[in-house]
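Architecture at a glance
One-letter residues, chain by chain:
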Amino acid sequence: MSSFVLKIIACLTMLIDHAAIIFSDHLPYALYMALRGVGRSAFVIFCFLIAEGFIHTRSRGRYALRLGLFALLCEIPFDLLFYGQVLSFSHQNVYLTLLLGLLGLWGYAALREKGMPVIGLLCPAVCALMAELLRADYGAGGVWLIAVLYLLREHKLWQGAAVLVLLFWMGDWLQAFGIVGWLLCLTYNGRRGPNIKYAFYAFYPLHMLGLLFSRYIL
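Rules used in this analysis
Residues numbered from 1 in each chain as written. Predicted model: local features only at pLDDT ≥ 70, side-chain atom pairs only at ≥ 80, totals over all residues. Heavy atoms only, no water. Patch = residues over 30% accessible without salt bridge, like charges linked within 9 Å, V, L, I, M, F, W, Y side chains within 5 Å. Areas by Shrake-Rupley, 256 points an atom, 1.4 Å probe, with all protein chains shown as cover. Salt bridge = Lys/Arg side-chain N within 4 Å of Asp/Glu carboxyl O. Helix = DSSP H or I, 4+ residues; strand = E, 2+ residues; numbered from the N terminus. Expected span 1.5 Å × (residues − 1). Buried < 20%, exposed > 50% of the residue type's maximum accessible area, 1.4 Å probe, protein only. Polar contact = N/O pair within 3.5 Å; in protein donor to acceptor, adjacent residues only side chain to side chain. Contact = heavy atoms within 4.5 Å.

**A short note on a nonpolar patch on the surface**
On the surface, Met116, Ile119, Leu122, Val126, Leu129, Met130, Leu133 and Leu134 cluster together into a nonpolar patch covering about 730 Å² of accessible area. Ranked by the residues each element gives to the nonpolar patch, the list is headed by helix 6 (residues 122–133), at 5 residues. Turning to its location among the elements, Leu133 is positioned in helix 6.

**As for helix 2 (residues 29–56)**
In an α-helix there are 3.6 residues to a turn, and that puts residues three or four apart on one side. Helix length check: helix 2 (28 residues) gives 42 Å between terminal C-alpha atoms against 40 Å at 1.5 Å per residue, within 8%. Most of helix 2 sits out of view: 20 of its 28 residues are buried.

**Details of unusual backbone geometry**
Most peptide bonds take the trans form, and the phi angle of most residues other than glycine is negative. Non-glycine residue Arg135 carries a positive phi angle of around 60 degrees. Residue placement: Arg135 occurs in the loop between helix 6 and helix 7 (139–151). Here Arg135 falls in the partly exposed class, since its relative accessible area comes to 48%. Of note, Tyr138 is a non-glycine position whose phi angle comes to about 75 degrees, a positive value. By secondary structure assignment, the location of Tyr138 is in the loop between helix 6 and helix 7.

**Description of helix 4 (residues 94–113)**
Counted at 1.5 Å a residue, the expected span for helix 4 with its 20 residues is 28 Å, and the 29 Å between its end C-alpha atoms agrees. Counting buried positions along helix 4 yields 14 of 20 residues, so the element is predominantly enclosed. In this structure Asn93 caps helix 4, since a side-chain oxygen of it lies 2.9 Å from the backbone nitrogen of Tyr95.

**Regarding the side chain of His207**
Here His207 lies in helix 10 (residues 197–217). At 2.6 Å, the side chain of His207 and the backbone oxygen of Tyr204 are in polar contact. Each residue touching His207, except ones within four places of it in the same chain, is listed here: Met14, Leu15 and His18.

See below:
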């Protein structure tokens, strides 16, 4: 699969997951759990795409800036949808997690190039701590997930094992269904596909606004 196809899958499974949360009172429990299980793949795919994007981007600085900008733009829709408040500091949206994961890779790569790969591991560790302190979505586990997808990209068996461990760390048994997202990433063929990256960036806040409207009219 190209990164384009993986992004479509990630966006659709994220929509399914969030819709199940928002409309949980209207769903049979079995259906709710099934939809949440499908949604577990989304974050793993997004993390994989961050790791790949870090490798292939022409400008890591502009990449980080885009993630930071959308982290700010998405916070109000995120808080309105999940907490019913314009701003809530109890939990921050996933773009912050993705940004911290990218910054952790950037710091690691810079120190590795200077011959200090072991010390470089402190960079994702610090970013993971920041994710916990800032209460970013998925917390430290999310940052480490991005890190292992990058660091173990040449060792798929170990990578899969590390992903599964982190998924259990980040949640209950349901979170482990995210391993399906990792399996889908194994089909990545290194191709980008159609370049409509800003449409994918915009999907995150737009789908939350759409769910907000749907909940209002229902």
